[in-house]
Amino acid sequence: MSEQHEIEALVSRDYQYGFVTDIEQEIIPPGLNEDVVRLISAKKNEPEFLLQWRLDAYRHWLTMTPPTWAHVHYPPIDYQALSYYAAPKSASEQAEIDANRPKSLDEVDPKLLEMYEKLGIPLHERAALAGVAVDAVFDSVSVTTTFREKLAEVGVIFCSFSEAVHSHPELIKQYLGSVVPPGDNYYAALNSAVFSDGSFVFIPKGVRCPMELSTYFRINALNTGQFERTLIVAEEGAHVSYLEGCTAPQRDENQLHAAVVELVALDDATIKYSTVQNWYPGDEFGKGGIYNFVTKRGDARGNRSKITWTQVEAGSAITWKYPSCILRGDDSVGEFYSVAVSNNYQQVDSGTKMIHLGKRTRSTIVSKSISAGRSQNAYRGLVHIAKGADDARNYTQCDALLIGDRNGAHTFPYIESKNSSAQIEHEATTTKVSDDQIFYLKSRGITEENATNMIVNGFCKEVFNELPMEFAVEAQALLAVSLEGSVG
Amino acid sequence: MSLLEIKNLHANIGDKVILRGINLTVNAGEIHAIMGPNGSGKSTLCQVLGGRDGFEVTEGSVQFDGMNLLEMATEDRANAGLLLGFQHPVEIPGVKNIYLLKESLNAQRKARGLGELDTFAFMKQVRELVKSMQMDDAFLHRGVNAGFSGGEKKRNEILQMLLLQPKLALLDETDSGLDIDALKIVSEGINRLRGTDRGIVLVTHYQRLLSYVEPDFVHILYKGQIIKSGDKSLALQLEAEGYEDILKAAS
Amino acid sequence: MSAALPRAIEPVELPEWLRAALSQPVTASLAPTGVQTLACEQILSWGLPTARDEEWRWTNLRPIARLSATSTIDNTASPKTPATDLTAFVPNAWVIRCNGGQLQPLPQNLPAGITITPLTEASEADCAAAFAPRAQGRNDALVALNTALAGDGFVLDIAAHADIQAPILIDWHDTPHEANHSHTRLLIRLGAHSKATLIEATPSSCSNTPLSTYWRNAVSVIEQGANSQLNHINLGLGDYQRLLTDRSFVHLERDARYRSIHIQLGGQLTRHEIDVNISAPGAHCDLLGLMMPRGKQVMDTHTRITHGAPHTTSNEHYLIIADDAGRGIFKGRILVAQDAQKIEAYQNSRNLLLSNTAEIDTKPELEIYADDVKCSHGATIGRLDDEAIYYLQSRGISAANARKLLVTGFAQEIIDALPYPELIAHLSELIGAGA
């Protein structure tokens, strides 16, 4: 019996979101300089402070070099060959005319609505998933945000970033760049200079957000970078659960996606941020796919605040992301739950950073990676216990599952402790799907394909348990699709 | 027609010959015990019948319920009604027992052209079985065998057997690692499966289990062959005299 | 990775005395000329590594740059505690003394099967073998420096089938010496089916004499033939002002077994690196270590185990106990090459942080390119168990003694791996005294 063969056959299913939407778009010519930064800012009618902020970031970016420490390989990116702004014409014009006005669904181009339907994200509120509000971002602009009135009733602000710049400039001024400074790293600096749109969430003091909030990112245009920026602020005692999904057309060229996500949790606030990342991963020969170079960081600023990152990473040609928590408040909690699956020629270098500053801060890291095909899948994580973090605790578990013998699974944990009362525990294992397990399940009448799916799902269970219900189901299905052809 | 018919079965692991011509017929309604010292080929026989990779059948045939067993995939053997109870059931963390039970029962029903059992009926049946095996309901939501004691693993094997109601149960050293209470529970489970339309093969090193599950036939396996067969008294003789004397007498 | 907290990184320039040494090295180095010239160019263009170089992110070589141009070892100062001769704890050892890197007269009557040849007298081929490992980049700058400047060292050959019972003890007794630094190079070869125990001690006299700073930068090349077995014990005791950087390149043939036990108690800055290349089936290595940085000591161990062949195994276990303002660093990499199937590799980094001014950094890494493997690692950083201290106190033991007992107990699993009961007792005492 050739289990290997069947496994390989299972991993190779086609990417089902690879279609291109034929819509009239406004794309600025490729190239990056101060004028382009000014142009983006002007298109969004931005206040002077934001333009200056962008220009500062741009000038700083010019002095930086791309990071080389990650376990990924790709040819140098020609930043002058990319376009930094693309928008459906209708949306773009509207944004220029009146960036201040919230978009109603009637004003959204029907072609866009159709596309989101096709992706399984209905934007009509009556058809939408109950209890999930969606901000839909198409290339560089936000198309629409659903359920905004209902959210406004309890004081929750959920809108596109561009809109927030106009409607709540004081909040943007206060929080933008306060977690990820513009010069934090090469891609964050680039994003700060040219970011186009994204979501803004503000949960006021004491409010428990009545529904899940969700942003759906879609790259459509060719040779365009996507640079969105998300900012979530939860005031004292506020709670929010936020979901993020992403897809892109199937193209032979690599496309750059360099997003920044900043989370701020004040005293007793809780932010749960979940991602199902399914950018186009490239074809079975490694051609095309998204370069996903993302900076995500949460600042658990308040005492007893809590930030949870849950991610299912299935797409992208290259993933470079480390959703992190700065545990500043005393008794604050950071959590990171991740499933990263890679197949064909995908490269993943992902993990988290837990920076313990406050007393009695606690963090948990559960990372599960599954590598198949000829992919490379690395966990890279930092646990840092600062001098003042008395009685801090960290528990980390990193497990890697190998399917096939032409891929790599790597674990690079950095553990630093400067406080003698802290306790850190890290465990990691690397194994393959065991023949004994497969045989056991087969002897109970289960096919090899199902058996492998069961084992892989079981392997990921601890992480899936952390996802909101709708996403957990989607994540399991995505995992099966991603591994199709690799498992028997 | 007999349920299981093994004729002149020879099998190797690599270059090593393990089975050297096994002949065995099991009819519906019968319980057979296969006994033998360590290294006699007991586990190999079970694995070959279960369809495990890594064993090469060089000669002989095995008919199961009129089908050529050796040509069937492991899962097809299971769905045709052969259940292999493992000596060392593997741990599969993360995959819940309840999920395994449901998947395998539905796979079998599908093979028989039946629809999926509805969840309510399934749960009712499973809960009763869990109770009869004196296990806790929480067990259903634990990973398959993950962190189980030896006794829990064996009880889990029997529970699966009772749910799947195989035509032929092939139980490899099911009694090893059991304390007396667990042995009784496991034996009761095996006796419940006993019936005119089913066969059971107990593979065991000791006579212990056979005090609770009375076999119709006892066979002694030695160096890959069945060197002696008899009724339950053979097991008692073995217990009293030890393998050595019987092996001497047989050779 | 991009540090979340800003980290000031200034380049470490080559100090003037080092540049001076490099400008006239041809006479100093024993490396083949071409190899030596290249290494010289490399180190001059690289300088010393900094925290920007991944392998040096936690260890700053500034103390080397700050060394004064000449050694100021004061021989007249009377030791605070009397020096202890390590040979007292290692029975029947063949002692090889090296002073400031210079080989002292060899012991007479070495048993059959042991041959020692100073590099100055070694054949061209042996010299080439001794200098075979090359620096691949700035992370290996110290190897390049050693290659450029290595002026002392020897070839130690254990003949095939030789079973050397008594240990060979190399006593790095770096006392009075003109220069402030030395670069030593060893080639150790075990013939097929041979067996030996090698102990390196720096220095063997466990005095706490406040010596002025002195730096030794060592490279060892260890080649083990089929089915050979080497116990390699490295004891860094006493002598708090010393800087020591050493690196071993170990190559294992079929079924060979290499076992390293490294215990570091002394030294101002120590960096211990082992690269094990398991190149044939059946070979196995055990790497065990204990570092106890106190005061302002910085102790660093980096290991790299490459499983280049199927059916090979490794087991790694390192402890750090950091107190006062000491810093302990461990980084261990296990690399399983493609097609190297049936690998079992375990790595464990357990650490005790006893003070809020101390720091421990650990990075156990797995890099795996084959699938039929069982690899795992674990790392913990913690403190002494309050419950345990309380329990001991409730049995009438003072808090200070309880702490000593627990620290010694923590270290015991490494100490106990040593083959000499006298040495185990001696080290337990030293550790208890330091705790």
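Residues numbered from 1 in each chain as written. Chains lettered and ligands numbered in written order. Predicted model: local features only at pLDDT ≥ 70, side-chain atom pairs only at ≥ 80, totals over all residues.

Draft legend 1. Summary view of the overall build of chain A. A count of helices and strands for chain A gives 12 helices and 25 strands. A burial count over chain A gives 61% of its 488 residues as buried. Long-range pairs, those at least 24 residues apart, make up 84% of the contacts in chain A between residues at least 6 apart in sequence. (Helix = DSSP H or I, 4+ residues; strand = E, 2+ residues; numbered from the N terminus. Buried ≥ 20, exposed ≤ 12 C-beta atoms within 10 Å, placed from the backbone. Contact = placed C-beta atoms within 7 Å.)

Draft legend 2. Expanded view of the overall build of chain B. Within chain B, the secondary structure is distributed over 7 helices and 12 strands. Relative to the 2.2 N^0.38 estimate, which gives 18 Å for 251 residues, the radius of gyration of chain B is 18 Å and therefore close to what a compact globule would have. Overall, chain B is about 55 × 40 × 35 Å in size when its C-alpha atoms are taken along their principal axes. Residues classed as buried in chain B amount to 43% of the 251 residues present. The long-range fraction of contacts in chain B, counting pairs at least 24 apart against all pairs at least 6 apart in sequence, stands at 70%. (Rg over C-alpha atoms; globule rule 2.2 N^0.38 Å.)

Draft legend 3. Molecular detail of the interface of chain B and chain A. The interface of chain B with chain A comprises 23 residues on the first partner and 18 residues on the second. Sorting the residues of the side of chain B that touches chain A by element identifies α2 (74-79), β7 (92-96) and α3 (97-111) of chain B as the ones contributing at least two each. The element that contributes the greatest number of residues to the side of chain B that touches chain A is α3(B), accounting for 6 residues.

Draft legend 4. Highlighting the packing of helix α5 (residues 150-164) of chain B against helix α6 (residues 180-193) of chain B. Residue and element names in this part refer to chain B. Where α5 contacts α6, the axes come no closer than 10 Å and their chain directions differ by 15°. Taken as axis vectors, α5 and α6 run roughly parallel relative to one another. At the point where α5 passes α6, the crossing takes the left-handed sense. Two secondary-structure elements touch here, α5 through Gly151, Lys154, Arg155, Ile158, Met161 and Leu162 and α6 through Ala182, Ile185, Val186, Gly189, Ile190, Arg192 and Leu193. Grouping the amino acids of the contact of α5 with α6 by side-chain chemistry returns 8 nonpolar, 2 polar and 3 charged. (Axes fitted to C-alpha atoms, helices over the stretch in contact; angles between N-to-C directions. Parallel < 35°, antiparallel > 145°, perpendicular 65-115°, else oblique. Left-handed = near helix turned anticlockwise from the far one by under 90°. Nonpolar A, V, L, I, M, F, W, Y, C, P; charged D, E, K, R; others polar.)

Draft legend 5. The arrangement of the sheet that holds strand β2 (residues 16-26) of chain B in detail. Residues and elements named next belong to chain B. Taken in spatial order, the 4 strands of this open sheet run β2-β1-β4-β5, and their pairing is antiparallel. Sheet topology places β2 and β5 (67-68) at the edges, where each strand pairs with a single neighbour. Alignment of strand β1 (residues 4-13) against strand β4 (residues 56-64), held across 7 bridges, turns out to be antiparallel. Pairing of Ile6 across the sheet is with Val62, part of β4. Packing of helix α1 (residues 42-50) onto the sheet brings it into contact with β1, β2 and β4, and relative to β2 it is tilted by some 70°. (Pairing = 2+ DSSP bridges.)

Draft legend 6. Molecular detail of unusual backbone geometry. All names here are of chain C. Of note, Asn92 is a non-glycine position whose phi angle comes to about 60°, a positive value. Among the secondary structure elements, Asn92 is positioned in the loop between α3 (62-65) and β1 (94-99). Of note, His161 is a non-glycine position whose phi angle comes to about 70°, a positive value. Locating His161 in the fold gives a position in the loop between β4 (152-158) and β5 (168-172). Classification of His161 as partly exposed rests on a count of 13 C-beta atoms within 10 Å.

Draft legend 7. Structural view of the confidence of the model for chain B. When pLDDT is averaged across chain B, the result is 89; 99% of the residues are at 70 or more. For this predicted complex, the interface confidence score (ipTM) comes to 0.85, while the overall pTM stands at 0.82. (pLDDT = per-residue confidence, 0-100.)

Draft legend 8. Summary view of the confidence of the model for chain A. All names here are of chain A. Overall, the prediction assigns chain A a mean pLDDT of 84, with 83% of residues at 70 or greater. Residue range residues 1-13 is modelled with pLDDT below 50. Its contacts to residues more than four positions away, or to other chains, number 40 contacts. Confidence drops under a pLDDT of 50 for residues 95-102, and excluding neighbours within four residues, the segment shows 17 contacts in the predicted structure.

Draft legend 9. How the structure looks around the pairing of strand β11 (residues 257-264) of chain C. Residue and element names in this part refer to chain C. Of all the 8 residues making up β11, 6 are buried; the element is thus mostly covered by neighbouring parts of the structure. Where strand β9 (residues 229-236) and β11 come together, 8 bridges link them in parallel fashion. For Asn234, the partnering residue across the bridge sits in β11 and is His262. Sheet topology note: the β11/strand β13 (residues 284-291) ladder contains 8 bridges and is parallel.

Draft legend 10. Molecular detail of the nonpolar core. Among the nonpolar cores identified, the biggest contains 321 residues, and A:Ala234, A:Val240 and B:Leu170 are the most heavily contacted of them. A per-element tally of this core places helix α11 (residues 448-464) of chain A first, with 8 residues. Each of domain 1 (16-280) and domain 2 (386-435) of chain C contributes no fewer than three residues to this core. In this structure A:Val240 touches A:Val201, A:Ile203, A:Cys209, A:Leu213, A:Ile232, A:Ala234 and A:Ile271, once residues within four positions along its chain are discounted. (Core = buried A, V, L, I, M, F, W, Y, C linked by C-beta atoms within 7 Å. Domains from an automatic or database assignment.)

Draft legend 11. Geometry of the interface of chain A and chain C. Each partner contributes residues to the interface: chain A has 39 residues there, and chain C has 35 residues. Counting only elements with at least two residues in the side of chain A that touches chain C, the list comes to β16 (324-327), β19 (353-356), β21 (376-385), β23 (408-417) and β24 (423-432) of chain A. Across the side of chain A that touches chain C, the residue classes break down as 15 nonpolar, 15 polar and 9 charged. In this structure, β24(A) lies alongside strand β19 (residues 373-382) of chain C, joined through 7 bridges in antiparallel fashion. Across the sheet, the residue bridging to A:Ala428 is C:His377, located in β19(C).

Draft legend 12. How the structure looks around the sheet that holds strand β11 (residues 217-222) of chain B. All names here are of chain B. Spatial strand order, β6-β9-β10-β3-β11-β12: 6 strands in an open sheet with mixed pairing. For this open sheet the edge positions go to β6 (82-85) and β12 (225-230), each flanked by a neighbour on one side alone. With strand direction ignored, the average angle separating the axes of adjacent strands in the sheet is 20°. Sheet topology note: the β6/strand β9 (residues 168-172) ladder contains 4 bridges and is parallel. Residue pairing in the sheet places Gly85 in a bridge with Leu171 of β9. Its contacts with the sheet place α1 against β3 (31-35), β6, β9, β10 (199-204) and β11, and it is angled at close to 140° to β9.

Draft legend 13. Molecular detail of the packing of helix α2 (residues 33-46) of chain C against helix α5 (residues 141-149) of chain C. All names here are of chain C. Orientation of α2 relative to α5, taken along the N-to-C sense of each, is 135°, at an axis distance of 8 Å. By the criterion of interaxial angle, the relationship of α2 to α5 is oblique. In this structure, α2 meets α5 at a crossing whose hand is left-handed. From α2, Val35, Gln36, Ala39, Cys40, Gln42, Ile43 and Trp46 reach across to α5, where they touch Ala141, Ala144, Leu145, Thr147 and Ala148. For the contact of α2 with α5, a count of residues per class yields 9 nonpolar, 3 polar and no charged.

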